[in-house]
Amino acid sequence: DELKSRLPSVHKVIYLIFNEGYKSSAGNELLREELCEEALLLNKSLLDSSLVNSDTKALQALMLFNSARFKSRFGSEGELVALEDQDRSLWNEELISLGNYFFNKSQSGPVSSYHLEASIAYLHCAAKNFQSTDWQTIAGLYKRLLYKYKNPFVELNHAIALYYAGQKQDSFNILHSLEAHPFLGRYFLLNAALGKFHQMEGRDDLARKYLQTALRQTAFEEEKTFIRKMINE
């Protein structure tokens, strides 16, 4: 009984390990696949135990869906590739299929943050191309996540989904409100998103301001190169 009560904390730590591998917070490597693999193996040990629950299965599905897209995140010279420009033929169909298996198995329990995030990751994997992505549903799933688990990073992703779903003003309202957040205001991805969206709306001077801020906020050369390319477009 005590072990089962500790399971949510174990899930959280495993997901933190995976996220550190997916997008490193420090060091020389932006992607550390060995950490992602370790997280999958740790969660697999839970799946094979008597402690397994629906959250364990949903978490495995989420990590598999995200792992399936690793090979397309970087180009032939190690450059960072935006989601809309990624070669989806490089996505690992076996991992997506395995993710579907665990996601279907996870439906017997209550809906958790792992279920909602796995649903979002699945929709990305299911889309044939960037343009056909179901951004409206993704935005709705992020809204559900925010209702249950208030988090500024979820707000950022919700705003990005809203922009691509066509709700641009709502997106900008959220993004600009996040500038006042003590951490998010200094976060590379917030300013990169603001720069990109202002650029897409033809507001080049404002876009440059945000992109130059984002450039100063990352220590990873891949991200710096990615931002410089956007500034020079």
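Everything discussed here concerns the structure shown above.
My aim in this report is to walk through the structure given alongside it, one point at a time. (Residues numbered from 1 in each chain as written. Predicted model: local features only at pLDDT ≥ 70, side-chain atom pairs only at ≥ 80, totals over all residues. Heavy atoms only, no water.)

With that out of the way, let us pick up the overall build of the protein. Helices and strands together make up the secondary structure of the protein, namely 11 helices and 0 strands. Going from N to C terminus, the protein has its helices and strands arranged as α-α-α-α-α-α-α-α-α-α-α. By the compact-globule yardstick of 17 Å for 233 residues, the protein fits well, its C-alpha radius of gyration being 18 Å. Counting only C-alpha atoms, the protein reaches 60 × 40 × 35 Å along its principal axes. (Helix = DSSP H or I, 4+ residues; strand = E, 2+ residues; numbered from the N terminus. Rg over C-alpha atoms; globule rule 2.2 N^0.38 Å.)

This brings us to the pattern of salt bridges. The full count for this structure, using the stated rule, is 9 salt bridges. Here Arg 6 and Glu 2 are joined by a salt bridge, their closest N and O atoms 3.0 Å apart. With Arg 6 and Glu 2 both in helix H1 (residues 2-22) and 4 residues apart, this pair spans about one turn of that helix. Look at Arg 6 and you get partly exposed, because its relative accessible area is 47%. Glu 2 gets classed as exposed once you look at its relative accessible area, which sits at 55%. Here Lys 168 makes a salt bridge to Glu 201, at a shortest N to O gap of 3.0 Å. Of the two residues, Lys 168 sits in helix H8 (residues 168-178) while Glu 201 sits in the loop between helix H9 (188-200) and helix H10 (204-216), which places them 33 residues apart along the sequence. (Salt bridge = Lys/Arg side-chain N within 4 Å of Asp/Glu carboxyl O. Buried < 20%, exposed > 50% of the residue type's maximum accessible area, 1.4 Å probe, protein only.)

With that settled, the discussion passes to the nonpolar core. In a soluble, globular protein the nonpolar side chains are often hidden away together inside. By size, the foremost hydrophobic cluster in this structure holds 30 residues, and its most contacted members are Phe 18, Leu 59, Leu 62, Met 63 and Phe 65. Where this core is concerned, the elements lending two or more residues are H1, helix H2 (33-47), helix H3 (54-67), helix H4 (93-105) and helix H5 (113-126). If you tally residues by element for this core, the top one is H3, at 7 residues. Judged by nonpolar contacts, the second largest core, of 27 residues, contains Ile 120, Phe 172, Leu 175 and Tyr 210. (Core = buried A, V, L, I, M, F, W, Y, C linked by side-chain atoms within 4.5 Å.)

Let us look at H3. Taking 1.5 Å of rise per residue, 14 residues should cover 20 Å, and H3 covers 20 Å from first to last C-alpha, within 8% of that figure. The buried fraction of H3 is high, at 13 of 14 residues. By the N-cap criterion, in which a side-chain oxygen at the helix start approaches the backbone nitrogen of a residue two or three places on, H3 is capped by Asn 53, the distance to Asp 55 being 3.0 Å. (Expected span 1.5 Å × (residues − 1). Polar contact = N/O pair within 3.5 Å; in protein donor to acceptor, adjacent residues only side chain to side chain.)

As enumerated under the stated definition, the model contains 17 aromatic pairs in all. Three or more aromatic residues joined by ring pairs form one cluster here, namely Phe 130, Trp 135, Tyr 163, Tyr 164, Phe 172 and Phe 197. A cation sits over an aromatic face here: Arg 203 above Phe 172, 5.0 Å from the ring centre. (Phe/Tyr/Trp six-rings, centres within 6.5 Å; stacked < 30°, edge-to-face > 60°. Lys NZ or Arg CZ within 6 Å of the ring centre and 35° of its normal.)

Its place among the elements puts Arg 69 in the loop between H3 and H4. Lacking a salt bridge, the buried Arg 69 has Glu 117 as its closest oppositely charged neighbour, with an N-O distance of 9.4 Å. With near-sequence residues (within four places) excluded, Arg 69 lies in contact with Tyr 22, Leu 83, Gln 86, Trp 91, His 124 and Cys 125. (Lys, Arg positive; Asp, Glu negative; His and termini not counted. Contact = heavy atoms within 4.5 Å.)

Next up on the list: the environment of Phe 102. For Phe 102, the location among the structural elements is in helix H4. Accessibility expressed as a relative area gives 11% for Phe 102, which makes it buried. Between the alpha carbons of Phe 102 and Leu 59 there is a distance of 8.7 Å; along the sequence they are 43 residues apart. Not counting the four nearest positions on each side in its chain, Phe 102 is found in contact with Leu 47, Lys 57, Gln 60, Ala 61 and Leu 64.

Turning our eyes to something else, we now look at the packing of H5 against helix H6 (residues 135-148). Put simply, H5 and H6 touch, their axes get as near as 10 Å, and they point 165° apart. Relative to H6, the element H5 lies roughly antiparallel. The crossing of H5 and H6 is left-handed. Between H5 and H6, the contacting residues are Ser 113, Leu 116, Glu 117, Ser 119, Ile 120, Leu 123 and His 124 on the first element and Trp 135, Thr 137, Ile 138, Leu 141, Tyr 142, Arg 144, Leu 145 and Lys 148 on the second. Per-class residue counts for the contact of H5 with H6 are 8 nonpolar, 4 polar and 3 charged. (Axes fitted to C-alpha atoms, helices over the stretch in contact; angles between N-to-C directions. Parallel < 35°, antiparallel > 145°, perpendicular 65-115°, else oblique. Left-handed = near helix turned anticlockwise from the far one by under 90°. Nonpolar A, V, L, I, M, F, W, Y, C, P; charged D, E, K, R; others polar.)

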